[in-house]
Amino acid sequence: KKMTFNHRLPAILAAFLSSSGVLLLAFSGTSCEFLTISTTTAGTFLVSPYDAEGVSTGLQQASIGVLCERGFYDREGDDMWELSRIFLIVGLSVGSLTAAMAWAVASYITPTNANWKGISVFAAITAVMLVPIFILFEAEPCSGFREIQKCSLGSGAYLL
């Protein structure tokens with residue numbers, strides 16, 4: 001039995017949506033503005049949590065990304081930042097597999113209930129993997145000096 005375009009349309013839409021989701025996730029993860037770190041008091045400057053003497057940076061606002069180190073914030077040895085990075089990479093991998101499966105169903109595999117359930121399961125796993133990326137809020141730049149600086153979502157986080 002030959003598949004018509006009407007049978008393939010839902011699969012094509014799912015493939016476009018899953019591919020768009022993976023692209024947005026990649027842009028979000030590589031953005032250097034996932035979190036914005038700012039001072040809580042006017043006239044004060046950010047402090048690097050990696051400097052044993054707590055030397056002021058001269059900045060009132062900075063930003064970091066899941067895969068992007070910036071300025072005076074170093075990812076090395078920061079377990080929460082590393083965990084966030086791992087969840088991003090797993091999410092990208094499973095999301096890419098979901099998109100590949102959707103494109104396969106859209107182009108040459110017959111859309112069956114089993115195929116749709118497989119795509120749905122991988123999409124759900126991807127969604128679950130993306131939530132822990134926000135563990136980045138517990139990384140040293142955010143938790144090191146809570147009394148004088150705070151973290152908030154940056155523009156890159158909104159792509160997630």
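Preceding block: the structure.
Bear in mind that the values here come from a model prediction, so they are computed numbers and not experimental data.

1. Some remarks on the pattern of salt bridges
Stage number 1. The tally for this structure, following the rule as stated, stands at one salt bridge.
Stage number 2. With a shortest N-O distance of 2.4 Å, Arg 85 and Glu 82 are connected by a salt bridge. Separated by three residues within a single helix, Arg 85 and Glu 82 lie in helix α2 (residues 79-107), roughly one turn from each other.
Stage number 3. With a relative accessible area of 21%, Arg 85 lands in the partly exposed category.

2. Here's the deal with the environment of Ala 106
Stage number 1. The residue Ala 106 is located in helix α2 in this model.
Stage number 2. Taking relative accessible area as the criterion, Ala 106 reaches 10% and is therefore assigned buried.
Stage number 3. In this structure, the C-alpha to C-alpha distance between Ala 106 and Ala 14, residues 92 residues apart in sequence, is 8.3 Å.
Stage number 4. Dropping the residues within four chain positions of it, Ala 106 is found in contact with Arg 8, Ala 11, Ile 12 and Ala 15.

3. Here we look at the sheet that holds strand β1 (residues 35-39)
Stage number 1. Overall, antiparallel pairing links the three strands, which are arranged β2-β1-β3 in an open sheet. At either margin of the open sheet sits one strand with a lone partner, and together these are β2 (61-64) and β3 (149-153). Each strand axis lies, on average, 25° off the axis of its neighbour in the sheet, ignoring direction.
Stage number 2. Alignment of β1 against β2, held across four bridges, turns out to be antiparallel. Looking at the pairing, Leu 35 lines up with Ile 64 of β2.

4. Observations concerning the packing of aromatic side chains
Stage number 1. Throughout the structure, instances matching the rule amount to two aromatic pairs.
Stage number 2. Both rings, one in Phe 34 and one in Phe 134, keep their centres 5.6 Å apart while their planes meet at 40°; by these two values the pair is tilted. With a gap of 100 residues between them, Phe 34 in the loop between α1 (5-30) and β1 and Phe 134 in the loop between α3 (113-130) and α4 (140-143) connect regions that are remote in the sequence.
Stage number 3. For Phe 134, a relative accessible area of 30% corresponds to the partly exposed category.

Basis of the calculations
- Residues numbered from 1 in each chain as written.
- Predicted model: local features only at pLDDT ≥ 70, side-chain atom pairs only at ≥ 80, totals over all residues.
- Heavy atoms only, no water.
- Salt bridge = Lys/Arg side-chain N within 4 Å of Asp/Glu carboxyl O.
- Helix = DSSP H or I, 4+ residues; strand = E, 2+ residues; numbered from the N terminus.
- Buried < 20%, exposed > 50% of the residue type's maximum accessible area, 1.4 Å probe, protein only.
- Contact = heavy atoms within 4.5 Å.
- Pairing = 2+ DSSP bridges.
- Axes fitted to C-alpha atoms, helices over the stretch in contact; angles between N-to-C directions.
- Phe/Tyr/Trp six-rings, centres within 6.5 Å; stacked < 30°, edge-to-face > 60°.

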